[in-house]
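Secondary and tertiary structure notes
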Amino acid sequence: QVQLVESGGGLVQAGGSLRLSCAASGSIFSINVMGWYRQAPGKQRELVAYITRDGNTNYADSVKGRFTISRDNAKNTVYLQMNSLNPEDTGVYYCNMYLRVVSGGGMDYWGKGTLVTVSS
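An account of the accompanying structure is given in this report. (Residues numbered from 1 in each chain as written. Predicted model: local features only at pLDDT ≥ 70, side-chain atom pairs only at ≥ 80, totals over all residues. Heavy atoms only, no water.)

**Quick notes on unusual backbone geometry**
- Backbone geometry at asparagine 76 places phi at a positive 50°, although glycine is not the residue there.
- As for its placement among the helices and strands, asparagine 76 is situated in the loop between strand 7 (67-72) and strand 8 (77-82). (Helix = DSSP H or I, 4+ residues; strand = E, 2+ residues; numbered from the N terminus.)

Have a look at this one:
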């Protein structure tokens, strides 16, 4: 069984920074793509950023230049450094990983989410 556990959310003032972490545990063989999504109140979940095993990254236009995604393959962990936060960044941030388990097969896994609130 695989679990993804996020941490690092909280309340921050506009202009501030937060760093999210998400660690995967269980019978993991390999992890291909790691990413972060967010869902603001009353809106659909949207992609924030993702990073491939080779380190290639992609960002939503709204966070380019402010957020940085990184990963530690040895720790099965993905990070999201968020700077210059604004109230529009408020939402629940979800970790997502496409991974293969030891017993074979690959699929998407999701964390339960961590709340980020940016006050104006």
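**Re the packing of aromatic side chains**
- On inspection of all chains with the given rule, the structure shows one aromatic pair.
- Residue placement shows arginine 45 over the ring face of tryptophan 110; its charged tip is 4.8 Å from the ring centre. (Phe/Tyr/Trp six-rings, centres within 6.5 Å; stacked < 30°, edge-to-face > 60°. Lys NZ or Arg CZ within 6 Å of the ring centre and 35° of its normal.)

**What to know about the nonpolar core**
- Counting residues in hydrophobic clusters, the biggest one holds 31 residues, and the most contacted among them are Trp36, Val78, Leu80, Met82, Tyr93 and Met97.
- Listed by contribution, the elements that provide at least two residues to this core are strand 3 (18-25), strand 4 (28-39), strand 5 (46-51), strand 7, strand 8, strand 9 (91-101) and strand 11 (114-119).
- Of all the elements, strand 9 adds the most residues to this core, at five residues.
- Residues in contact with methionine 97, not counting those within four places in the same chain, are Leu4, Cys22, Ala24, Ile31, Val33, Met34, Asn76, Val78, Met107, Asp108 and Tyr109. (Core = buried A, V, L, I, M, F, W, Y, C linked by side-chain atoms within 4.5 Å. Buried < 20%, exposed > 50% of the residue type's maximum accessible area, 1.4 Å probe, protein only. Contact = heavy atoms within 4.5 Å.)

**Here's the deal with the sheet that holds strand 1 (residues 3-7)**
- The four strands lie next to each other as 1-3-8-7, forming an open sheet whose pairing is antiparallel. Every interior strand has two partners, whereas the edge strands, strand 1 and strand 7, have only one. Strand-to-strand twist across the sheet, computed as the mean angle between neighbouring axes with direction ignored, equals 15°.
- Note: strand 1 against strand 3, five bridges, orientation antiparallel. Paired with leucine 4 across the strands is alanine 24, a residue of strand 3. (Pairing = 2+ DSSP bridges. Axes fitted to C-alpha atoms, helices over the stretch in contact; angles between N-to-C directions.)

**Regarding the pattern of salt bridges**
- On inspection of all chains with the given rule, the structure shows four salt bridges.
- Between arginine 38 and glutamate 46 there is a salt bridge, with the nearest N and O atoms lying 2.8 Å from each other.
- Ionic pairing is found between aspartate 89 and arginine 38, a salt bridge with its closest N-O pair at 2.9 Å. Of the two residues, aspartate 89 sits in the loop between strand 8 and strand 9 while arginine 38 sits in strand 4, which places them 51 residues apart along the sequence. The same class applies to aspartate 89 as to arginine 38, namely buried.
- Each of Arg38, Glu46, Arg66 and Asp89 takes part in a single network of salt bridges with overlapping partners. (Salt bridge = Lys/Arg side-chain N within 4 Å of Asp/Glu carboxyl O.)

Take it as geometry only, folks, not as evidence of what the structure does.
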